[in-house]
Amino acid sequence: GNGGRRYAWGDDFDAGACNTFEAHIRGTTPIGVFPGCDTPEGLVDISGNVWEWTDSVYRPYRPHRSDRRAADAGRDDAAPAETRRVLRGGSWSYGREHARCAARALAGPGNRGNFLGSRLLCVSPA
């Protein structure tokens, strides 16, 4: 988000705020179990629980680029279905370092597991 926070809820990790390895639950939980994880913008449970698929094509970060927009160029380009995509948010089987907003992983479309999922966003009409 625009807030520049380390974690969805703020800069300090709180093991009671999200379903990561530190929570010792060892499986997925329903949305709403960790209200301390809510973002100031109102997003719920976006850190931990399951890695969430994104539409972004996985490309390695390019270090030493001064223009971030140039480094991100093409990340959402149309790509073949078999192209690896970025995962975000961490999961119950990963630790705090993967719950950071900047953390990401990658997976191909054939990857499956109880630590992967997706997020649907529903916007209310104004």
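Everything here concerns the structure above.
About the criteria used
- Numbering of residues begins from 1 in every chain and follows the order in which that chain's sequence is written.
- For this predicted model, a pLDDT threshold of at least 70 governs which residues receive local features, and a threshold of 80 or more governs which side-chain atom pairs are given and counted, while totals over whole chains, interfaces and linings are taken from all residues.
- Think of the side-chain values as coming from all heavy atoms in the structure, minus any hydrogens and water.
- Numbering of helices and strands starts at the N terminus; helices are DSSP runs of H or I of at least 4 residues and strands are runs of E of at least 2.
- Only protein chains enter the area calculation, which uses a 1.4 Å probe; residues under 20% of their type maximum are buried, those over 50% are exposed, and those in between are partly exposed.
- In short, DSSP must find at least two bridges between two strands for them to pair.
- Within this document, salt bridges are pairs made up of a side-chain nitrogen of Lys or Arg and a carboxyl oxygen of Asp or Glu, the two lying within 4 Å of each other.

**A short note on the environment of His-98**
No. 1: One can find His-98 in the loop between strand E2 (85-88) and strand E3 (105-107).
No. 2: When its relative accessible area of 24% is taken as the criterion, His-98 is described as partly exposed.
No. 3: For the pair His-98 and Phe-21, spaced 77 residues apart in the sequence, the C-alpha separation amounts to 10.0 Å.

**What about the pairing of E2?**
No. 1: Of the strand pairs in this sheet, strand E1 (residues 51-57) and E2 are connected by 3 bridges, and their pairing is antiparallel. Bridge pairing in E2 places Glu-52 opposite Arg-88.
No. 2: As paired strands, E2 and E3 are joined by 3 bridges and run antiparallel to one another. Counterpart to Arg-85 in the pairing with E3 is Ala-107.

**A short note on the sheet that holds E3**
No. 1: One open sheet accounts for 4 strands, arranged E3-E2-E1-E4; its pairing is mixed. A strand with exactly one partner marks an edge of an open sheet, and here the two such strands are E3 and strand E4 (116-117).

**Some points on the pattern of salt bridges**
No. 1: Across all of its chains, the model carries 3 salt bridges by this definition.
No. 2: Between Glu-41 and Arg-5 there is a salt bridge, with the nearest N and O atoms lying 2.8 Å from each other. Taken as a pair, Glu-41 in the segment before E1 and Arg-5 in the segment before E1 lie far apart in primary sequence, 36 residues in all.
No. 3: On the accessibility criterion, Glu-41 (52% relative accessible area) is exposed.
No. 4: For Asp-55, the salt bridge goes to Arg-85, with nearest N and O atoms at 3.7 Å. Taken as a pair, Asp-55 in strand E1 and Arg-85 in strand E2 lie far apart in primary sequence, 30 residues in all.

So yeah, pure geometry; function would need other evidence.
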